Amino acid sequence: MFTQSTYSEDLSANYTMLSKQLDALLEGETNAIANLSNASALLNQFFDQINWVGFYLMEDGELVLGPFQGLPACVRIPIGKGVCGTAANTKETVIVPDVHAFPGHIACDAASQSEIVVPIEKNGELLGVLDIDSPIKNRFSEQDKQGLEQFVQILVKHL
């Protein structure tokens, strides 16, 4: 059903392909957990130099660990706390070049050095966040932000 792709040097084109792959992969499936699980697996296959990728989902006013790829993680994150809680609070993507310089960073994996978190909204309601960590500093760019926001827009169609 799914084959591993070879991506080009053009990051924008790669994100376009990734979003198309996600849309095809999730087509016809309505189970949110299954779709989030496949989305995290797809991102894990797509990225190099990452050590964690997954989702935190809104539940009773806080973020709760959802499907992910990586080491065991923090289970609950209050809104406004850490990078995930900040992105959830502002409903804006947060890129952190050096997590040790981010006030209130929550260290789930000591190897993490940089992070990007993208809010997931549907019809104005915050469903959760996409969180990706890297063991190197400055891993995530403005192109990653744009590409992942595009990815999340496709994902939301299937949630």
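Going by the structure above, here's the rest.
This section reports on the structure supplied with the text. Since the model is a prediction, treat every value here as computed from it, not as a measurement.

1. Quick notes on the packing of helix H1 (residues 11–26) against helix H2 (residues 32–46)
Phase 1: Look at H1 against H2: their axes get within 10 Å of each other, and the N-to-C directions meet at 150°. The angle between H1 and H2 places the two elements in the roughly antiparallel class. Remark: the crossing between H1 and H2 carries right-handed chirality. Where H1 approaches H2, its residues Asn14, Tyr15, Leu18, Gln21, Leu22, Leu25 and Leu26 are matched on the opposing element by Asn35, Asn38, Ala39, Leu42, Leu43 and Phe46.
Phase 2: Considering only residue class, the contact of H1 with H2 consists of 9 nonpolar, 4 polar and no charged.

2. Regarding unusual backbone geometry
Excluding glycine, most residues fall at negative phi; most peptide bonds, likewise, are trans.
Phase 1: One non-glycine residue, Asp60, adopts positive backbone phi at about 50°.
Phase 2: Mapped onto the secondary structure, Asp60 falls in the loop between strand S1 (52–59) and strand S2 (62–70).
Phase 3: On the basis of relative accessibility, which here comes to 77%, the residue Asp60 falls in the exposed class.
Phase 4: The backbone phi angle of Asn138 is positive, close to 55°, even though this residue is not glycine.
Phase 5: By secondary structure assignment, the location of Asn138 is in the loop between strand S6 (125–134) and helix H4 (142–157).
Phase 6: For Asn138, a relative accessible area of 59% corresponds to the exposed category.

3. With respect to the side chain of His158
Phase 1: Position of His158 relative to the elements: it lies in the segment after H4.
Phase 2: Discounting residues that sit within four places of it in the chain, His158 has contacts with Asp23, Leu26, Glu27, Glu29 and Asn35.

Cut-offs and rules
- Residues numbered from 1 in each chain as written.
- Predicted model: local features only at pLDDT ≥ 70, side-chain atom pairs only at ≥ 80, totals over all residues.
- Heavy atoms only, no water.
- Axes fitted to C-alpha atoms, helices over the stretch in contact; angles between N-to-C directions.
- Helix = DSSP H or I, 4+ residues; strand = E, 2+ residues; numbered from the N terminus.
- Parallel < 35°, antiparallel > 145°, perpendicular 65-115°, else oblique.
- Left-handed = near helix turned anticlockwise from the far one by under 90°.
- Contact = heavy atoms within 4.5 Å.
- Nonpolar A, V, L, I, M, F, W, Y, C, P; charged D, E, K, R; others polar.
- Buried < 20%, exposed > 50% of the residue type's maximum accessible area, 1.4 Å probe, protein only.

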